[in-house]
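# Summary of structural features
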Amino acid sequence: MSTVPEPAPGGQAAKKSVRDVDVRGKRVLVRVDFNVPLDPAGQVTDDSRIRAALPTIQYLIGQDAKTILCSHLGRPKGAPVEGLRLAPASRRLAELLNRPVAQARDCVGPDVQSQVDHMKPGDVLMLENLRFHPQEEANDPDFARQLAALADVYVNDAFGSAHRAHASTAGVVQFGRQGAAELPAVAGFLMQQELDALGGALHNPEHPFAAVIGGAKVSSKLGVLAHLLDKVDVLVIGGGMANTFLKAQGYEVGSSLLETDLTPTARDLLAKAQAANVKVLLPVDVVVTEGKVAADAPHHTADLGSIGMNEAIVDIGQMTIEVFGAELLTCQTILWNGPMGIFEMQPFAEGTIAIAEALAEATRNGSTTVVGGGDSVAALEVAGLTDAVSHVSTGGGASLEFLEGKTLPGVALLDEK
Ligand code: ADP
Ligand code: MG
């Protein structure tokens, strides 16, 4: 057996997965992300996060484990809120599993402990919203120990919460092991998939490797840009943040979203890219609105250098779509974060949808394509192409921090292979 560590997702050694530990008949506490949208009647309006956790839950049931699920839902601010109970999610889970799921009234305390004591192999119990207790977000050691005491094995399958050091993502391992005989801490299948896809793109990409970075502000993507610079062959920059780069190159951008104070930083990034032999693609034409930014505002396509003072860039232009698309189709790995325009306004969604289509085509051609970021994933859904790319990250903030090269506490604490 080799002692050389496996390729490192997120800069860390590979993590143990739920398959690497004995869970048969054991009490397994699984941190899931059931932070699902609810309608006013308390119905789950989008169950994709519940579906995403099914492989781990079904595996545990198949292993005759006692599956104890925990999650946060919304922002109850440390006290019970009727509308933020997890019962609608556990009802939906029961439908998807086609077997009963018990719903606890709390997530810690003697009642929960006794409910767990009465579980039989194969049973599934959903704990109540973790954030009904302020100790969850405070990563309180006692609260974390109470969670840990419910279980023989801890599984984190909530990638979307892994960038937060909360009791259920960090403390349960940090503090739960003190005094406890042993609490293996491993990744669930969804977590594993995220680490493999994002980590694979970052640390072991097939070249040429392109990153498409967009979104509103350079400031929110500086960390990502800096971290990707020495990894990618091609950097495609679009969206509102491209404006600051265009300005740095001496183009007027009218009344567009602009971070004037960051033009030197943008210039610096472009110089670094050049030094690192990274090909940078910026828009060559753009869609601008006249007077105001609104879906019904008059708009036209403008070349760089011909943007009027009261015009605002809202999307990339047709020529840019073609240049970006052609470049991406030469790449073996593509990472996309950030829309190319104000895609929420239908007339300005074209550039973003075209990028989604380019990724879909690249995927069909055998390239690996990974999409992260809340709005980018939403745009992919608008384009109807969620299933047409290799991987869609379920973690908005978490995927961003991962791409910045930050250590995610919820990942770092898991056992290494
Ligand atoms: P993600 O959530 O995928 O990481 P961001 O949050 O960084 O993406 O950016 C998404 C936002 O960027 C969207 O709300 C979109 O309207 C905005 N945006 C994109 N292009 C522009 C533009 N040219 N001007 C203003 N806002 C833009
Ligand atoms: Mg966003």
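Because the structure is a prediction, the values reported are computed rather than measured.

Conventions adopted
- Residues numbered from 1 in each chain as written.
- Chains lettered and ligands numbered in written order.
- Predicted model: local features only at pLDDT ≥ 70, side-chain atom pairs only at ≥ 80, totals over all residues.
- Heavy atoms only, no water.
- Helix = DSSP H or I, 4+ residues; strand = E, 2+ residues; numbered from the N terminus.
- Buried < 20%, exposed > 50% of the residue type's maximum accessible area, 1.4 Å probe, protein only.
- Contact = heavy atoms within 4.5 Å.
- Pairing = 2+ DSSP bridges.
- Right-handed = clockwise from strand over helix to strand, strands pointing away.
- Axes fitted to C-alpha atoms, helices over the stretch in contact; angles between N-to-C directions.
- Parallel < 35°, antiparallel > 145°, perpendicular 65-115°, else oblique.
- Left-handed = near helix turned anticlockwise from the far one by under 90°.
- Nonpolar A, V, L, I, M, F, W, Y, C, P; charged D, E, K, R; others polar.
- Polar contact = N/O pair within 3.5 Å; in protein donor to acceptor, adjacent residues only side chain to side chain.
- Salt bridge = Lys/Arg side-chain N within 4 Å of Asp/Glu carboxyl O.
- Phe/Tyr/Trp six-rings, centres within 6.5 Å; stacked < 30°, edge-to-face > 60°.

### Some words on the overall build of the chain
The helix and strand inventory of the chain stands at 15 helices and 15 strands. Expressed along its principal axes, the backbone C-alpha trace of the chain runs to roughly 70 × 55 × 40 Å. Burial statistics for the chain: of 417 residues in total, 55% are counted as buried. In the chain, of all internal contacts separated by at least 6 residues, the share reaching a separation of at least 24 is 74%.

### Notes on the sheet that holds strand 2 (residues 66-70)
The strand order 3-4-2-1-5-6 describes an open sheet built from six strands, whose pairing is parallel. Among the strands making up the open sheet, the edge pair consists of strand 3 (102-103) and strand 6 (185-187). Where strand 5 (residues 153-156) lies against strand 6, three bridges are found, and the strand directions are parallel. When the bridges of strand 6 are listed, Tyr154 appears paired with Ala185.

### As for the environment of Val293
Relative to the helices and strands, Val293 resides in the loop between strand 10 (285-290) and strand 11 (299-303). Measuring from C-alpha to C-alpha, the distance between Val293 and Ser255 comes to 9.6 Å, with 38 residues separating the pair along the chain. For Val293, the residues in contact, after removing those within four places along its chain, are Ala312, Val314, Ile342 and Met345.

### Quick notes on the pairing of strand 14 (residues 368-371)
Here strand 13 (residues 333-337) pairs with strand 14 via four bridges, running parallel. Paired with Thr333 across the strands is Thr368, a residue of strand 14. Each parallel crossover has a hand, and for strand 13 linked through helix 12 (residues 350-364) to strand 14 it is right-handed. Note that strand 14 and strand 15 (residues 391-392) share two bridges and pair parallel. Each residue of the ladder has a partner; that of Val371, found in strand 15, is Val392.

### Re the packing of helix 11 (residues 318-328) against helix 12
Relative to each other, helix 11 and helix 12 sit at 20 degrees, their axes nearing to 10 Å. Compared by their axis directions, helix 11 and helix 12 come out roughly parallel. Regarding helix 11 and helix 12, the two cross each other, and that crossing is right-handed. Contacts between helix 11 and helix 12 involve Gln318, Ile321, Phe324, Gly325 and Leu328 on the former and, on the latter, Glu350, Gly351, Ala354, Ile355, Ala358 and Leu359. Partitioned by chemical class, the residues of the contact of helix 11 with helix 12 number seven nonpolar, three polar and one charged.

### With respect to unusual backbone geometry
Cis geometry is found at the peptide bond from His207 to Pro208, where omega equals -5 degrees. Turning to its location among the elements, Pro208 is positioned in the loop between helix 7 (189-203) and strand 7 (209-213). One non-glycine residue with positive phi stands out, namely Lys77, at about 60 degrees. Looking at the secondary structure, you find Lys77 in the loop between strand 2 and helix 2 (87-97).

### Description of the side chain of Asp33
With respect to the helices and strands, the residue Asp33 is situated in the loop between strand 1 (27-31) and helix 1 (48-62). Among the residues examined, Asp33 registers a relative accessible area of 11% and is labelled buried. At a separation of 3.1 Å, a polar atom in the side chain of Asp33 contacts the main-chain amide nitrogen of Asn35.

### Examining the pattern of salt bridges
Applying the stated criterion across every chain, the model contains 18 salt bridges. Residues Arg31 and Glu136 are paired through a salt bridge, measuring 3.9 Å at the closest nitrogen-oxygen approach. With Arg31 in strand 1 and Glu136 in helix 4 (residues 134-137), this pair connects stretches of sequence that are 105 residues apart. One exposure class covers both Arg31 and Glu136, and it is buried. In this structure, the salt-bridge partner of Glu404 is Lys406, at a minimum N-O distance of 3.0 Å. The exposure class of Lys406 is partly exposed, given its relative accessible area of 42%.

### Observations regarding the packing of aromatic side chains
According to the stated counting rule, one finds two aromatic pairs in the structure shown. Ring centres of Tyr59 and Phe189 lie 5.3 Å apart, and the angle between their planes is 80 degrees; on these two criteria the pair is classed as edge-to-face. Taken together, the residues Tyr59 in helix 1 and Phe189 in helix 7 connect sequence positions 130 residues apart. Take Phe189: its relative accessible area is 16%, and that puts it in the buried class.

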